[in-house]
Amino acid sequence: MIEPFIPQRVYIEPRALEYDLGRQLQNKFAEMGIEIRQTTSHNQVRNIPGENDLQKYRNAKSTLVIGVRKTLKFDTSKPSAEYAIPLATGCMGHCQYCYLQTTMGSKPYIRTYVNVEEILDAATKYMEERLPEETRFEAACTSDIVGIDHLTHSLKRAIEFFGQSEKGKLRFVTKYHHVDHLLDAKHNGKTRFRFSINADYVIRNFEHGTSPLTKRIEGAAKVADAGYPLGFIIAPIYLHEGWKEGYEDMFQKLDKQLPHAARRDLTFELIQHRFTKPAKRVIQKNYPMTKLELDEERRKYKWGKYGIGKYVYQTDEQEEIESTLTRLVHSYFPEANIEYFT
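The structure contained in this document is the topic of the report that follows. These numbers were taken from a predicted model, which means no experiment stands behind them. (Residues numbered from 1 in each chain as written. Predicted model: local features only at pLDDT ≥ 70, side-chain atom pairs only at ≥ 80, totals over all residues. Heavy atoms only, no water.)

Read from one edge to the other, the open sheet built from 7 strands follows the order β4-β8-β9-β10-β12-β13-β16, with strand pairing classed as parallel. Each edge of the open sheet is held by one strand with a lone partner, namely β4 (83-84) and β16 (337-341). Of the strand pairs in this sheet, β4 and strand β8 (residues 135-138) are connected by 2 bridges, and their pairing is parallel. Bridging across to β8, Tyr-83 finds its partner in Phe-137. Sheet strands touched by helix α6 (residues 154-164): β8, β9 (168-174) and β10 (191-197). Its angle to β9, the strand with the most contacts, is close to 150°. Its contacts with the sheet place helix α11 (residues 315-332) against β12 (230-237), β13 (267-272) and β16, and it is angled at close to 170° to β16. (Pairing = 2+ DSSP bridges. Helix = DSSP H or I, 4+ residues; strand = E, 2+ residues; numbered from the N terminus. Contact = heavy atoms within 4.5 Å. Axes fitted to C-alpha atoms, helices over the stretch in contact; angles between N-to-C directions.)

See the structure below:
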């Protein structure tokens, strides 16, 4: 059982205390007896304790930094949305394959931004520029926002904001089941709540510090009962001994636990395991005992944007992954929509 995240230490940027949320969080953590330190900037947090890089990395993962998001220029998002909305950065989970290993680099601590209204104002401008088209915003590109929202309620505020918008949609994905505080949010069907799921082998070996599959499915059932559109991301789809049986077992559990009401308007996103050379170095440094297969010789090199390529599975393996997972989705959830395989 994974308990809701509570940081071991908190850093606060002075500017964060100019915002109600910053002051509320400072008071909350002080009352909880958590050590609070000051930092000049959420980008410049130093002196996180630890005897070596490994200890510092693990301690950073249990450190929360309360800051102000200065850059309100949103990144264009992945296949699932037009823009990434920056409510938080970083994650308390220890998913060994995660691309945040490299994008976070030397800053693996968790950051939450208290200027939520300014961020939502910026989102309004992006929506206005695209009218009369809808604009989708992804809130989990650089974090597992659900994992900290029981503390901040920033995500809940964003859900209700998009619930009132005419052409805005919100999306995010989580590996945590701590969703109770979000069930009464006035979402008006404008937020798609997605859960990341995987075969037991992958969760057991590579997703430490996250909720078990059965708890994620329980959370998904609650979310569906609250009227949210629901989705699942199967990522990374990882080839291991008995992988076909492993993913079938995952679908059987999902089918058994997910109520029929949750199957309306259900989406799946399928993402194969991939890695970059820089990611491989960081993963092996942070998780020196990892069982993750990172053999470049066994992979196919795929050129990416900005000149950084990825190692993906060989073409025949990709075809087998796509056909297997597509068959399982259609078999267990024939009414569901597969948004993409990548």
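The next thing to look at is the sheet that holds strand β7 (residues 110-113). The strand order across the open sheet formed by 5 strands is β2-β1-β3-β7-β5, and the pairing between neighbours is mixed. Strand pairing shows two members of the sheet lacking a second neighbour, β2 (35-38) and β5 (88-89), which therefore form its edges. By the bridge criterion, 4 bridges tie strand β3 (residues 63-67) to β7 in an arrangement that is parallel. The partner of Gly-67 across the bridge, within β7, is Tyr-113.

Here we take up the environment of Arg-23. With respect to the helices, strands and loops of the structure, Arg-23 is situated in helix α1 (residues 20-31). On the basis of relative accessibility, which here comes to 34%, the residue Arg-23 falls in the partly exposed class. Those residues in contact with Arg-23, other than ones at most four positions away along the chain, are Ala-16, Leu-17 and Glu-18. (Buried < 20%, exposed > 50% of the residue type's maximum accessible area, 1.4 Å probe, protein only.)

It is worth spelling out the state of the cysteines at this point. On inspection of all chains with the given rule, the structure shows 0 disulfides. The cysteine Cys-91 is free of any disulfide, with Cys-95 supplying the nearest cysteine sulfur at 6.3 Å. Taking the relative accessible area as the measure of exposure, Cys-91 reaches 14% and is therefore buried. (Disulfide = S-S within 2.5 Å.)

Here we come to the packing of helix α8 (residues 213-225) against helix α9 (residues 243-257). The geometry of a pair of packed helices is captured by two quantities: the angle between their axes and the separation between those axes. Running from N to C, α8 and α9 cross one another at 35°; their axes reach a closest spacing of 10 Å. Handedness of the crossing formed by α8 with α9: right-handed. Here α8 contributes Leu-213, Thr-214, Ile-217 and Glu-218 to the contact with α9, which in turn contributes Met-250, Lys-253, Leu-254 and Gln-257. Its residues assigned to classes, the contact of α8 with α9 comprises 4 nonpolar, 2 polar and 2 charged. (Left-handed = near helix turned anticlockwise from the far one by under 90°. Nonpolar A, V, L, I, M, F, W, Y, C, P; charged D, E, K, R; others polar.)

Burial of α6 is extensive: 8 of the 11 residues sit out of reach of the surface. The complete set of buried residues in α6 reads Ser-154, Leu-155, Lys-156, Ala-158, Ile-159, Phe-161, Phe-162 and Gly-163.

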